[in-house]
Each structure stands twice: as C-alpha cells, then as structure tokens.
Amino acid sequence: MRQSFQKDNRIVPLGIMLLTCIFFVYHFVLVRGSLDGLHMAAAPNTFFESSQHGNLDSDATANHAGEAVDEPVHNAIISPGFSAEPFTSSSPSHPPNGLTTDDVVLMFKTGATVLWKRVPIHMATTFSSHRINSDNLLLYSDYPETIGKWEFIDVLSNSSEQVRKSASFQLYLQQEDYESRQNYAELSNMPGDGTGPIGGWKLDKYKFLPMFQHAGRNKPNAKWYIFMEDDSYIFLPNLLRHLDKFNHKDPWYLGSLAWKHSDYFAHGGSGIALSRGAWEKSFGKDSRIVQKFEKFTEEHGCGDHVLGHVLHEYGVEFGETTDDDRFRYGFNSEAHWSAWYEPDNWCKPVYSWHHTHGKDVARYYEIEQTWDFEKSPLRYRDIYEALVAPYLRPRVEWWDNGASQYEIESGMAAGAEPPSSVKSTETWRSAWVSVDACEAACITWADCVQWASYDDRCKMDSRVSLGSGISESDSRRQTSLPWVSGWLPRRLEHWSC
Ligand SMILES: *[C@@H]1O[C@H](CO)[C@@H](O)[C@H](O)[C@H]1NC(C)=O
C-alpha cells in the first residue's frame, strides 16, 4: 500500500507537468491562430490605401469594351468556378521546398497585331526577374520580335504548306510585308478591329499546339507549364501553392471549365496549367501531334478548344470534369470588376483575371507584391476589399453593376414571386416604379446586396459586382433614362471565412 502510494505521489507532479505542457502547446497554437487572423484582417487595408489613387476613368472602361469586342467570348459554358465547400488548405505552414517559379515554365502568348499595345505593361510586372527567372519564361507570338532582353518566338514558323494555304493564315503571311515596307500594321488602313489588322483572332488558334509542343521540348525539366494570354494576369505565388497539391508526374490539365463541340477544355484567357505528366502522355508520346490535328484546327474556331480536344484524344482529361473540389474556383474568364463576389467564392483563392486593361495588371501586380502568401492565400474577398469596395456607393447614376438575379419590369411585376425572405410582396412588386422603390425592394430582401434601376425596370442580386460607369459615348446615354446602380456593402459583413 505504502509503496504504491509513494509511486502515485511521484506520478502526480509528472502528470501536472504534462498537463502544463499540453496547456502551453494549446495556448501557443491558439495565439498563433489568432495572429494569423489579425494579419488577414489587416492586410487588405494596405491595399485599400495604395489603390486609392486608382480611379475608374472612362478611358479604361472604353478600352474594356473595345477588347471585349475584339475577343469574342467563344466558350459556350464558362465555369462559375466555385463550389459550396469552403477552401480548406489555408494552412500557413507551406513546405519550405514547395513549388517555386524555378519549377515551372510561364508561357505567354501574344500576336503581332496586339503586341505593342498589350505587352509593355507585362514587362514591368509579369516578366519581372524577381518574380520569374527569364529561363522559365517563354514568350510566343506570330512574328519574331526582340524587345530589350525579351525574345518573342514565332510559334507558327514551322507551319506546314497545307496550313499556309488556309484563308485564316493570310495575316501571318502578310506580316513579312509590313516588315519589308517598314509600315506599321496598325496604320495601314486595313479594315481592322481597332487594335490592328483583322484576322489576329483567326490566326490565334494555330498557335496552341505548336506552343505546348515547343515548351515541353525546350523545358523538359519543368514540372508545370503555365499558360497565359497577353490580356490576362496570373497571381503566380497563389497558383504555385495550388499546383503544389497535385503530383506533376500525373496528367493534370487545369483551368476554368469551358465546353464546345462536346469537348471539355480549359478556357485559354483564364490561364491553363498542364503538368509534365500530362505533356508526356500527349505531346511526349507523339512527335507529329501538330500535323495530325492540322485539319481539326482549321475546322474549329478556338485554339484552347483544339488543345483540350487533342489532350482528350491522348487520355488527358480536364480536371474539372471530375467531382474533385480542388478544381472549382480560381481561374477567371473576366476581370475583377465584372466578376461576382458571393458567399461561395468569398474565401477561395484567386489565380487569374482576363480581359484586363494595363491599369488592372499594374494593380494586380502591386497587390501580389505586397501580399504575404506564406500567411494566407489571396482570396476573392481580398480582391473585393482592395479593388471593388472602395468604389461602391449607396447610389450612382450612369452605372451598370450587372445586377441580374431578379428583374422586376412593369409588364410582369404583378405576378412576380419574391424570394422567401421578402416580407412585403407589395414592396417587391412595385420595385419597377422608381429608383427609390427599387432600392426599397432590395432592402426588403435579406440577401440583396446590389440593385440597378432604369426605365421601368429594377434588377437585384445577392452577389456583388462592381461593373462600370457608362461612358459619355455609350448609346444607352441616348436611349434610356439614367441607369442607377446601388450597393448595400454592410450586408457583406456577415460573409465570413
Ligand atoms: C521549328 O523547328 C526547328 C527545327 O526543328 C526548331 O528548332 C524550332 O524550335 C521549331 N520552332 C517551334 C516554334 O517549334
């Protein structure tokens, strides 16, 4: 008895020590956790200040519109890009030997007709040597150019005689003429799209297969081939952390889901990530892949679709066609100002924007440079706080914020069924009567965060989008009463992560 009591007596202080240790570790983890939380809350303020000077000028808006025209949205379905599951891998402890830009190749595609307008901003941002080593950067165009230390590869130079005969290839053949005449293509009075001679788009589809073939052959040690367009931006540190979750030896083909001619593919403008494993399974297996699909390329409109089709033929499937949650967010087919911010994507990381103006690229780069990716991924809510929230107002004239979820128009208002949280059906049904009535209807619906009103119409939405001001030259200024948009950003305060 006595002996065992003594034994127990020795165990008690040991137990207390152990318990103290457990409490210490527990406390430490808690404190660390809340510090990380603090950082996340504080960081966007930095961007808020730095983006104050950035104002939406009408020039930028006009250019956005112009570029939307010169690049038709060709994919039938663009992925909403989000799932209902919250982003779970926000662990700040990133493995020290995680994926870096030295492990990947960044493939950048432009074309002779747009290069001089779209590429310079990337020289000060995307191509920065502290961001990516020039050895890991491949620049593709349809005419060879050298700008400073940057070489643009003519990716069509090995095209077959057969392809050169096709009508959509004519622009490529004319590029020599501009060079020999020492004439600027943009000034040659050809019917064009405002950014150069017509036909740049038709030519574009021929670039995709030779480009991926070239990248894989010339950079065989790369783990990933990350493709982007000249009017896109990719948050590389965010994307690398995402790609690190996949084994690059497996065949991965990732991006934003698009669908055409019954093929699933990654939409080009949103950015594409192809693993080395996927390259070896397709381009690596067949050295004549470009020639083999020449006819297919000629008969179809879009290069990103051609790539997806070809990869599928070799057994490389687009990631998002599986049910895995890792694919359903991040790559965007539009710029931040026309994107939707909603509870589903609020806490998810953002990898790319498309249809960007040079000014957008400059601001994305600035955010990327100041963000601490070790602490937290850059999420949709961070972009919202930095680039959207500063421009929201209770009410602004000649602005289209894109609200579209519910539309109340005089002709159908009497039968309009409100969402269940709306208390007054009367308020809902009279939303079309005036700007005030539209705002009142939005307020009466608990989930409503923005509205837009014009003529006899009121539109309301439970998602936020900045949209843009309607410029003086826009035809809507002549044909309708003022478009008025408004937001209720206070309601976003309970969208939590
Ligand atoms: C064209 O072919 C040459 C010779 O095989 C090769 O060195 C070059 O990389 C090819 N160009 C492209 C864009 O694939």
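Because the structure is predicted, anything quoted here is derived from the model rather than measured.

### Concerning the environment of Leu-106
Consideration 1: Of note, Leu-106 is situated in strand 1 (residues 104-109).
Consideration 2: For Leu-106 and Ala-222, which are 116 residues apart along the polypeptide, the C-alpha to C-alpha distance reads 9.9 Å.
Consideration 3: Residue contacts for Leu-106: discarding those within four places in its chain leaves Thr-126, Ile-132, Asn-136, Leu-137, Leu-138, Ile-226, Met-228 and Leu-236.

### Considering helix 9 (residues 236-243)
Consideration 1: Taking burial as the measure, the eight residues of helix 9 include six buried ones, the bulk of the element.
Consideration 2: Restricting attention to buried positions, one finds in helix 9 the residues Leu-236, Asn-238, Leu-239, Leu-240, His-242 and Leu-243.
Consideration 3: For helix 9, the secondary structure elements touched by its buried residues are strand 1, strand 5 (224-229), strand 6 (232-234), strand 7 (253-255), strand 10 (272-275) and helix 14 (358-370).

### A look at the nonpolar core
Consideration 1: Judged by nonpolar contacts, the single largest core of 41 residues is most densely connected at Met-107, Phe-212, Tyr-225, Tyr-253 and Leu-307.
Consideration 2: Core analysis: the second largest hydrophobic core is formed by 33 residues, Ala-339, Tyr-341, Ile-383 and Ala-386 among them.

### Details of the state of the cysteines
Consideration 1: Under the criterion given, the structure shown has three disulfides.
Consideration 2: One disulfide in the model links Cys-347 with Cys-497; its S-S distance is 2.1 Å. The sign of the S-S torsion, about -100°, decides the handedness of the disulfide formed by Cys-347 and Cys-497: left-handed. Here the residue Cys-347 occupies a position in the loop between helix 13 (303-313) and strand 11 (352-354), and Cys-497 occupies one in the segment after strand 18 (484-487), the gap between them amounting to 150 residues.
Consideration 3: Owing to a relative accessible area of 54%, Cys-497 belongs among the exposed residues under this scheme.
Consideration 4: Between Cys-442 and Cys-448 runs a disulfide, and the two sulfur atoms are separated by 2.0 Å. In this structure, the disulfide formed by Cys-442 and Cys-448 twists by about -100° around the S-S bond and is classed as left-handed. For the residue pair Cys-442 and Cys-448, the accessibility class agrees, reading buried in each case.

Conventions adopted
Residues numbered from 1 in each chain as written. Predicted model: local features only at pLDDT ≥ 70, side-chain atom pairs only at ≥ 80, totals over all residues. Heavy atoms only, no water. Helix = DSSP H or I, 4+ residues; strand = E, 2+ residues; numbered from the N terminus. Contact = heavy atoms within 4.5 Å. Buried < 20%, exposed > 50% of the residue type's maximum accessible area, 1.4 Å probe, protein only. Core = buried A, V, L, I, M, F, W, Y, C linked by side-chain atoms within 4.5 Å. Disulfide = S-S within 2.5 Å.

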